[in-house]
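Fold and geometry: a report
Listed below, chain by chain, are the residues.
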Amino acid sequence: MYGTMTAPDNPLLVVENVGKRFSASFAIEDVSFKLNRGETVAILGPSGSGKTTMLRCINFLTPYDSGTIRVGGRLVGYREEGGRCLREKEANIADIRKRIGFVFQRFNLFPHRTVIQNLTEGPVYVLGLSVDAAIERARRALDLVGLRYKENEWPDQLSGGQQQRVGIARALCMEPDMILFDEATSSLDPELVGEVLAVIRDLALSGMTMLLVTHEIAFAREVADRILFMENGRLLADQPAEVFFAAPPSARIAQFLARSM
Ligand code: ADP
Ligand code: MG
């Protein structure tokens, strides 16, 4: 809701009529929305509603099977050729993935690498930075998440909240165009949630473009410019956060919010 950097007609991500089917049933169906540069958008919805699948389709970890997803104008995962839609080459998919940070529920840092090594890996091996440049970038990112003093520790020496902050720093080191968060605080003990939310809040204020699947409804209300609500694979609401919370668009959604707050 900070929204200062939002440029309303400057979508970084455009999702149109996207569907994904697993065997017989739809995980997501006919989902369309846009994410503008500088915007923070929260995706809410019950378990199994397709939120994770939607995020995974955006960087083609899960190939979608209908509709289109464009990042910075580029079609994700497919290319159009002579009126047909063909699977994109892996190299081009990897190219789009470099620009999209992903922070998962579980921190999945490399356990046998120190904090700083976890952060320099991607910039050196994926982006081709020099080790010195990668270290400099990693230290800036660690400063942002308040963990510079932990740079030489091992992941298992950190609390879950600290590990998740390193996970966010690792995403930042790739200097992504946007970051996707999938329940970044769900596996944390309650007393560790706040420090991770504080980092995400700072990123929202700094104008990072973010799509945030979360069960932290109060947090979504505070930081999100817009709220998307999913259920049974469908996008049931896409509204400015203040509108969504002031007057939930359906009785069903009001009930979900009442139960989740
Ligand atoms: P959410 O993140 O909102 O909890 P998901 O996107 O994980 O929802 O799941 C949406 C639906 O798709 C669920 O019914 C789930 O069981 C199904 N699903 C997700 N991933 C797979 C998969 N790899 N194989 C089969 N079904 C899946
Ligand atoms: Mg999920």
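Up top is the structure these notes are about.
A few points on the structure. Residue numbers here run from 1 along each chain, matching the order of that chain's written sequence. For this description, chains carry letters from A and ligands carry numbers from 1, given in the order in which they are written. Under the rules for a predicted model, residues below a pLDDT of 70 receive no local features and side-chain atom pairs below 80 are neither given nor counted, while totals for whole chains, interfaces and linings still include all residues. Processing note: side-chain calculations cover all non-hydrogen atoms of the structure and skip hydrogens and water entirely.

1. Re the site of ligand 1
Residues are labelled near a given molecule or strand when at least one of their non-hydrogen atoms is within 4 Å of it. Near ligand 1 the following residues occur: Phe22, Ala27, Pro46, Ser47, Gly48, Ser49, Gly50, Lys51, Thr52 and Thr53. Here Gly48 contributes a backbone N or O atom positioned 2.6 Å from an oxygen atom of ligand 1. Identification of polar contacts relies on pairs of N or O atoms within 3.5 Å, with a donor-acceptor requirement for protein atoms, meaning one able to donate a hydrogen and the other able to accept it, and with residues adjacent in sequence counted only if both atoms are side-chain atoms. Take Ser49: an N or O atom from its main chain is 3.1 Å from an oxygen atom of ligand 1. About the coverage of ligand 1: the protein hides 55% of its 560 Å² of free accessible area. In DSSP terms, a helix is any run of H or I states spanning at least four residues, a strand is any run of E spanning at least two, and both are numbered starting from the N terminus. Here the shell around ligand 1 takes 3 residues from helix α1 (residues 51-58), the largest share from any one element. Partitioning the shell around ligand 1 into residue classes produces 3 nonpolar, 6 polar and 1 charged. Only the protein chains shown count as cover for residues, with accessible areas throughout obtained via the Shrake-Rupley method and a probe of 1.4 Å. Gly is put with the polar residues, along with every residue not named as nonpolar or charged; the nonpolar set is Ala, Val, Leu, Ile, Met, Phe, Trp, Tyr, Cys and Pro, and the charged set is Asp, Glu, Lys and Arg.

2. Details of the packing of helix α5 (residues 160-173) against helix α6 (residues 190-205)
Pairs of packed helices are described in terms of their axes, by the angle between the two and the distance that separates them. Axes here refer to lines fitted to C-alpha atoms; in helices the fit is confined to the stretch in contact. Angles between the N-to-C directions go from 0 to 180 degrees. Two elements in contact, α5 and α6, have axes separated by 8 Å at closest approach and are oriented at 20 degrees. In terms of axis orientation, α5 runs roughly parallel to α6. You can see that α5 and α6 cross each other, and the crossing is right-handed. For the pair α5 and α6, the contacting residues are Gly160, Gly161, Gln162, Gln164, Arg165, Ile168 and Leu172 in the first and Leu192, Glu195, Val196, Val199, Ile200 and Leu203 in the second. Working rule for angles: under 35 degrees goes down as roughly parallel, over 145 as roughly antiparallel, 65 to 115 as roughly perpendicular, anything else as oblique. Handedness of each helix crossing follows the sense of rotation of the near helix against the far helix: counterclockwise by less than a right angle gives left-handed, clockwise gives right-handed. In what follows, a contact means two residues having at least one pair of non-hydrogen atoms within 4.5 Å.

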